[in-house]
Amino acid sequence: MTQRAKIDTGGGGTGDTPDTLAETEPPVVHRPAGLTAAEVAERVARGEVNDVPVRSSRSTTDIVRANVFTRFNAIIGVLWVIMLIVAPIQDSLFGFVIVANTGIGIIQELRAKKTLDGLAVIGEAKPTVRRDGRAAGISTSEIVLGDLIELGPGDKVVVDGVVAEADSMEIDESLLTGEADPVVKRPGDPVMSGSFVVAGGGAFTATKVGREAYAAQLAEEASRFTLVHSELRSGISTILKYVTWMMVPTAIGLIISQLVVKDNDLKNSIARTVGGIVPMIPEGLVLLTSVAFAIGVIRLGRKQCLVQELPAIEGLARIDVVCLDKTGTLTEGGMDVTEVRVLHGADETYVRKVLGALGESDPRPNASLQAVIAACPDTEEWRCTESLPFSSARKYSGAAFSEGDGEESTWLLGAPDVLLPAGDPALADIDRLNEQGLRVLLLARTVHELDSPDVAKDARATALVVLEQRLRPDAADTLAYFADQDVAAKVISGDNAVSVGAVAGKLGLPGAEHTVDARTLPAEREEMAKVLDGNAVFGRVTPQQKRDMVAALQSHGHTVAMTGDGVNDVLALKDADIGVSMGSGSEATRAVAQIVLLNNSFATLPSVVAEGRRVIGNITRVATLFLTKTVYSVLLAILVVVSQIEYPFLPRHLTLLSTLTIGVPAFFLALAPNKERAKPHFVRRVMRYAIPGGVVAAAATFTTYLLARHHYSGADALGAETSAATLTLFLVSMWVLAIIARPYTWWRIALVATMGGAFLLVLVVPWLQDFFALKLVGTTMPWAAVGIAAAGAAVLELAWRWVDHRFPA
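Residues numbered from 1 in each chain as written. Predicted model: local features only at pLDDT ≥ 70, side-chain atom pairs only at ≥ 80, totals over all residues. Heavy atoms only, no water.

Enquirer: Summarise the overall build of the protein; cite the residues concerned and give the values.
Expert: Assigned secondary structure in the protein consists of 28 helices and 21 strands. Evaluated residue by residue, the protein yields a buried proportion of 55% over its 809 residues. Partitioning the contacts of the protein with sequence separation of at least 6, the portion at a separation of at least 24 is 73%. Split by element, the accessible area of the protein, about 33,600 Å² in all, is 58% carbon and sulfur. (Helix = DSSP H or I, 4+ residues; strand = E, 2+ residues; numbered from the N terminus. Buried < 20%, exposed > 50% of the residue type's maximum accessible area, 1.4 Å probe, protein only. Contact = heavy atoms within 4.5 Å. Areas by Shrake-Rupley, 256 points an atom, 1.4 Å probe, with all protein chains shown as cover.)

The following block contains the structure:
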């Protein structure tokens, strides 16, 4: 069969016997050739081109602006300028730290942008456009007004247009209208960008391109480097909002206390006032979060994993259920026909001719049909007069043929349990084959027209086509990883439930022996959720059911990741907390997924989940360091205001403490391995440690400061008092760091020891003593400071253990 034609119902031919001619030689429908090269050039010159760029990341200007022009950088910047005017350069070191942190944030995001832009080009789908009679894939930005764009199953409509050709074409417009049922499109019907083909094929003429087309907006929205809502970011914003409220009145009181109440040197008073305000701002926390996210994106990018939305990394850390589609995820795309089993005495040679003709009738065969084509070559004698492409909703395809001897027949190929009536004897054999993990298609002859709603009714079973799917070699290890990480794996497939269970069983999935036919699932969400919680393998799941199942799992408090590569997965991918698409999947699935596995390897998922857990777990860990500093800074300022005494620290002292007990350790801890699944209530979990830690640190430090004020006297007393208070605050802060660094590994112990050694170096090296204005005087007060710090550390241990018991995470 070298050509495929459809009968022209629009009229006869020329000559004396048009009816006879139509019966013996149906005319081939003319295929429009599309625009010529000259017409394309003319439209490009007029600007009628789809030139809206699809950005995969923020622009360089946006990155710089977002990192530089922040509320906290503005506050720090003003204080920095003041300190540069009134104090030595060492009291302005905090400003250089902000410059460094901002620079790190910009550099990391620019690196992430470069990686994302490169990967986005790799992952970009190229629509097929017909020009000068030839079809070729081009970039969406090269489409011009009037272009003829071809469509097949899974293709997304990238610009608005009007259907020019339609071959049983069904389009899903759910992303635009919310209506889940596919819409049959005929020539002349409009198509909207953002919709996608679920069955059949055809072509449409572009009527709106560039900024007029909705496609450009939708595509940019789908693939942009977005900073959408996440619990981590909103939690940090909440914390910073409360910090601002506390900081403003405290800072005002501190200013009045140091400038008005105390008759000190003006410049020294300003320096100590700024020294009290600066540490209240946890400016490094926001920047460190951005850096951790950006590094996570880069790490995943190197593994051919495209993160389309930055907070998706956080979402991955929180998942406790992953829904997997069997085909293309657990199994490889290719299939092999292992047997053609004829029924009711049919002739196998004839059956193979039918199968070969069915394979040729579909211009875009799926994996099953490709296996049939490979096993049953087409015959030139048969001619397809009408075809019905496969649809995941119908679960079968079909075609009508004019056979070589003039006989006409209509055939269906699809799911046996859909085409056969319940109780048919052949179903028992099929169940046995499915139990072996084999896939079975039924070839049936029908007496109805293909466009009849009853086309499958009374179809006569002719043969079973037995196919074997190839398992992905890494699937078993991946499922084992999820089981080890307390992530429940749910296999959700449109295939036969028993067959899906057999595949899952071969891969060692717990619960694979108890498969559920989705047609028996309760429609009520609560009841469905109970069934989902108690089972792991589901077959015969419709696209709408996949969506309902995701919603049901979410209603029980689960954080759900959904993987898939076919158009029937789009709705579920869109509604899941995290959508993961295969790079070779349909363009529509890649558009709605937050994460695209460009290497098509299911084995990449553990790395993706591990990266998410590393980022969110470590940010939660180091946030306690930053916010402990905020708490003790606010409390110290309040105690100083109430006591009407000098603020004990200069900015250089707190810059040194922040660098050694927070800044440097936080950077390393934020990049450390962390496999713990992220837990909800970020703000509560961080503050339940930061508040007692800050209170203990402030109390111990202020106690030392008051004792030192009574112990020392003379012109240089304030310097000695400050040094003693700094020693206590450093030791308590180091104990907070030591607790946060648990459980200990060699490098964590080395990190804590190095920070302690650096502070000791400052205390013993003369020029560092002068630079940071730190010099311990005598032995009584320094040892008293150490003793108070030790008592504070003991109280801190008891307080955090009580918090763990009283307010469990």
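Enquirer: An account of the environment of A463 is requested, with residue identities and associated values reported.
Expert: The topology assignment puts A463 in strand β15 (residues 460-471). Sequence separation between A463 and V340 is 123 residues; the distance between their C-alpha atoms is 6.7 Å. Apart from residues no more than four positions distant in its own chain, A463 is found in contact with V340, R341, V342, L343, V351, L441, L442 and L443.

Enquirer: Go over the side chain of T704, please, and point to the residues and values.
Expert: Within the secondary structure, T704 sits in helix α24 (residues 682-711). Once residues lying within four places of it in the same chain are set aside, the contact partners of T704 are A724, A725, T728, M781, A785 and I788.

Enquirer: Got a sec to walk through the environment of I319? Specific residues and values, please.
Expert: Following the sequence through the fold, I319 ends up in the loop between α11 (312-318) and β9 (321-324). Residues I319 and R613, spaced 294 residues apart in sequence, show a C-alpha to C-alpha distance of 9.6 Å.

Enquirer: Please provide a residue-by-residue account of the pairing of strand β2 (residues 134-137), values included.
Expert: Strand direction decides the pairing type here: strand β1 (residues 128-131) and β2, joined by four bridges, are antiparallel. Note on β2: the bridge partner recorded for T128 is G137. (Pairing = 2+ DSSP bridges.)

Enquirer: Which residues make up empty space enclosed by the protein, and what are the values?
Expert: Considering all chains together, one arrives at one cavity of 30 Å³ or more under this definition. Every residue lining the largest cavity is listed: L625, T628, K629, Y632, T661, I662, A697, S733 and V736. Among the elements of the structure, α22 (605-643), α23 (651-670) and α25 (717-740) are those that each provide at least two residues to the lining of the largest cavity. Top contributing element to the lining of the largest cavity by residue count: α22, with four residues. (1 Å grid on protein atoms, 1.4 Å probe; cavity = no way out; pocket = protein on both sides within 12 Å on 5 of 7 lines; lining within 4 Å. Points joined across faces, edges and corners; volume = space filled by probe spheres on them.)

In short, the description is geometric, and any link to function would need to be established separately.
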